[in-house]
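# Working through the structure, step by step
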Amino acid sequence: MSDLVAIVYPSEAEAEDVRQRLLRLQKEYLITISDAVIAVKTDSGGIKLNQLVNTTAMGAMTGSFWGLLIGVIFLNPILGVAVGAASGALGGALSDFGIDDAFMKELSASLHPGNAALFVLIKNMTADKVLKEIKYAGGTVLKTSLDDAKEQALRDALASAAAERPAA
């Protein structure tokens, strides 16, 4: 079973920095991430999602490949690539995996303009080592599906980092 954690940061850059740290920790086998998305509230009040994987681009790329292959078989590779890319892009745009986009946008509506929320879907992790690596950034827990003890440990670690920061 996966756990969802959503943490709010003052800027997109800080959220991206934490996401990159989590991806490095994944390479060290300390955490397994299914999805990591940054939701940013724009000045106009809209929510922009910064996904790890662009499904539209991936769909277009794989569609182009299959379209070229089928086009070569039927002696019209250019048409095959065009049709394959268009259908792949459409399929990619309509597909959604990981954390539900509507759910992230709904939760992010409460953010202040310029703030960013990092949504992470975690399969498993070595909690003490991961917390030690990400607590420096602070942040505020927005939502989590962790059990009460783990959620409190996360809140305490982020609060301790906020207390250690010099006042601006």
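Residues numbered from 1 in each chain as written. Predicted model: local features only at pLDDT ≥ 70, side-chain atom pairs only at ≥ 80, totals over all residues. Heavy atoms only, no water.

What follows is about helix α4 (residues 101-108). Among the residues of α4, those classed as buried are Met 104, Leu 107 and Ser 108. End-on view of α4: buried residues confined to an arc of 95°, all on one side of the axis. Where the residues of α4 are buried, they touch β2 (31-41), β3 (47-50), β4 (116-125) and β5 (140-144). (Buried < 20%, exposed > 50% of the residue type's maximum accessible area, 1.4 Å probe, protein only. Helix = DSSP H or I, 4+ residues; strand = E, 2+ residues; numbered from the N terminus. Arc of directions from axis to C-beta. Contact = heavy atoms within 4.5 Å.)

The next thing to look at is the sheet that holds β4. Strand pairs in the sheet, formed through backbone hydrogen bonds, run parallel or antiparallel to each other. In spatial order, the strands read β3-β2-β4-β1-β5; together these five strands make up an open sheet with antiparallel pairing. The sheet is open, and its two edges are formed by β3 and β5, each paired on a single side. Each neighbouring strand pair of the sheet contributes to a mean axis angle of 25°, computed without reference to strand direction. Pairing between strand β1 (residues 3-9) and β4: seven bridges, direction antiparallel. Within the sheet, the bridge partner assigned to Val 8 lies in β4 and is Ala 117. Packed on one face of the sheet, helix α1 (residues 12-27) meets β1, β2, β3 and β4 and runs near 170° to β2. (Pairing = 2+ DSSP bridges. Axes fitted to C-alpha atoms, helices over the stretch in contact; angles between N-to-C directions.)

Next up on the list: the confidence of the model for the protein. Caution is warranted with low-pLDDT regions, since their predicted coordinates should not be read in detail. With 70% of its residues at a pLDDT of 70 or more, the protein has an overall mean of 81. Model confidence for the protein, summarised as mean pLDDT per element, is weakest for helix α2 (residues 55-73) at 61 and strongest for α1 at 94. (pLDDT = per-residue confidence, 0-100.)

Turning to α1, a few remarks are in order. Helix length check: α1, at 16 residues, gives a terminal C-alpha distance of 23 Å against a target of 22 Å (1.5 Å per residue), a fit within 8%. All buried positions along α1 are accounted for by Ala 15, Val 18, Arg 19, Leu 22 and Leu 25. Angularly, the buried residues of α1 cover 115° about the axis, an arc narrow enough to put them on a single face. Opposite the buried face of α1, at more than 90 degrees from it, the exposed residues are Ala 13 and Lys 27. Residues of α1 that are buried make contact with β1, β2, β3, β4 and α5 (127-134). Positive phi shows up at Tyr 29, right after α1, with a value of about 60°. (Expected span 1.5 Å × (residues − 1).)

What follows is about the environment of Ile 31. Here Ile 31 lies in strand β2. Taking the C-alpha atoms as reference points, Ile 31 and Ile 122, separated by 91 residues in sequence, lie 7.3 Å from one another.

Moving on to the environment of Ala 109. Mapped onto the elements, Ala 109 comes out in the loop between α4 and β4. Sequence separation between Ala 109 and Val 40 is 69 residues; the distance between their C-alpha atoms is 9.5 Å. Those residues in contact with Ala 109 that sit more than four places away from it in its chain are Lys 41 and Ile 47.

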